[in-house]
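Analysis of the macromolecular model
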Amino acid sequence: MLIIREFNKSDILQMISIWNDIVEDGIAFPQENCLDEKEGYSFFSSQSYTAVAESDGRIVGLYILHPNNIGRCGHICNASYAVDKSCRGQHIGEKLVLDCMEQGKKHGFKVLQFNAVVESNIHARRLYERLGFTQLGTIPNGFRLKDGQYTNICPYYIEL
């Protein structure tokens, strides 16, 4: 059974393992450096909300939710999602996005915006579109891949 809940400190090692796999792949997250335990706890604790997807005592995914901007645009939030490679295809990402949308509302946000969805990330893009997100356009060469080549990014948003 999959449970989505707020993270706690005992989850950090599993969380950073999942997060760092995506960072190391270099095809989705903008971060270039992996997190260690101390940096991971600081990073995940600094978000407006961080959740994990737990299945049989194992962390299989997570998300971070935070403001996309400040002041007059502070009602727009942003999020990032990570699912363990061995658990992909089980709709964990969808459950994380849906929970994130609810948490966004609870935290007073009005819009959820993704700034940098890599164009080739077809699974994420199909999920967002199925859930009602709107693509805002395409930013040519907006993401630098691990191999140094550039690829397009597609911003998305949904009103909460």
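Structure: see above.
1. Regarding the packing of helix H3 (residues 92-106) against helix H4 (residues 122-130)
It is at 11 Å that the axes of H3 and H4 come closest, and there the two elements cross at 45°. Looking at the two axes, H3 sits oblique to H4. Considering how the two elements wind past one another, H3 and H4 form a crossing that is right-handed. Together, Gly93, Glu94 and Val97 of H3 and Leu127, Tyr128 and Arg130 of H4 make up the contact between the two elements. The residue inventory of the contact of H3 with H4, partitioned by class, reads three nonpolar, one polar and two charged.

2. Topic: the environment of Gly132
Along the chain, Gly132 turns up in the loop between H4 and strand S6 (134-135). Owing to a relative accessible area of 41%, Gly132 belongs among the partly exposed residues under this scheme. A sequence separation of 26 residues divides Gly132 from Ile158, and the C-alpha atoms of the two residues are 6.8 Å apart.

3. Quick notes on the packing of aromatic side chains
A full pass over the atoms with the stated rule returns 14 aromatic pairs. A ring pair is formed by Tyr49 and Tyr63, whose centres lie 6.1 Å apart and whose planes are at 40°; its orientation type is tilted. Of this pair, Tyr49 sits in strand S2 (residues 49-55) while Tyr63 sits in strand S3 (residues 58-67), placing them 14 residues apart in sequence. Taking relative accessible area as the criterion, Tyr63 reaches 0% and is therefore assigned buried. Following the ring pairs from residue to residue traces out a cluster consisting of Tyr49, Tyr63, Tyr81, Phe114, Tyr128, Phe133 and Tyr156. Here Lys9 stacks its cationic end above the ring of Tyr41, 4.8 Å away from the centre of that ring.

4. Side note on helix H1 (residues 12-25)
With 14 residues, H1 should cover 20 Å at 1.5 Å per step; its first-to-last C-alpha distance of 20 Å lies within 8% of that length. For H1, the full list of buried residues reads Ile12, Met15, Ile16, Ile18, Trp19, Asn20, Ile22 and Val23. Considering only its buried residues, H1 is in contact with helix H2 (37-45), S2, S3 and strand S4 (76-83). After H1 finishes, the residue Gly26 shows a positive phi value of roughly 70°.

5. Some words on the nonpolar core
Judged by nonpolar contacts, the single largest core of 28 residues is most densely connected at Tyr81, Leu112, Phe114, Tyr128 and Phe133. Contributions of two or more residues to this core are made by S2, S3, S4, H3, strand S5 (111-118), H4 and strand S8 (150-159). If you tally residues by element for this core, the top one is H3, at five residues. Those residues in contact with Leu112, other than ones at most four positions away along the chain, are Cys77, Asn78, Ala79, Tyr81, Cys100, Met101, Phe133, Tyr156, Tyr157, Ile158 and Leu160. Counting residues in each nonpolar core, the second largest holds 16 residues, with Phe7, Phe44, Ile59 and Ala82 among its members.

6. Describing unusual backbone geometry
Within the chain, Asp56 stands out as a residue other than glycine whose phi angle is a positive 50°. Relative to the assigned elements, Asp56 resides in the loop between S2 and S3. You will see that Asn141, though not glycine, has its phi angle at about 55°, which is positive. Here Asn141 lies in strand S7 (residues 139-144). Judged by its relative accessible area of 47%, Asn141 is partly exposed.

Thresholds applied
- Residues numbered from 1 in each chain as written.
- Predicted model: local features only at pLDDT ≥ 70, side-chain atom pairs only at ≥ 80, totals over all residues.
- Heavy atoms only, no water.
- Axes fitted to C-alpha atoms, helices over the stretch in contact; angles between N-to-C directions.
- Helix = DSSP H or I, 4+ residues; strand = E, 2+ residues; numbered from the N terminus.
- Parallel < 35°, antiparallel > 145°, perpendicular 65-115°, else oblique.
- Left-handed = near helix turned anticlockwise from the far one by under 90°.
- Contact = heavy atoms within 4.5 Å.
- Nonpolar A, V, L, I, M, F, W, Y, C, P; charged D, E, K, R; others polar.
- Buried < 20%, exposed > 50% of the residue type's maximum accessible area, 1.4 Å probe, protein only.
- Phe/Tyr/Trp six-rings, centres within 6.5 Å; stacked < 30°, edge-to-face > 60°.
- Lys NZ or Arg CZ within 6 Å of the ring centre and 35° of its normal.
- Expected span 1.5 Å × (residues − 1).
- Core = buried A, V, L, I, M, F, W, Y, C linked by side-chain atoms within 4.5 Å.

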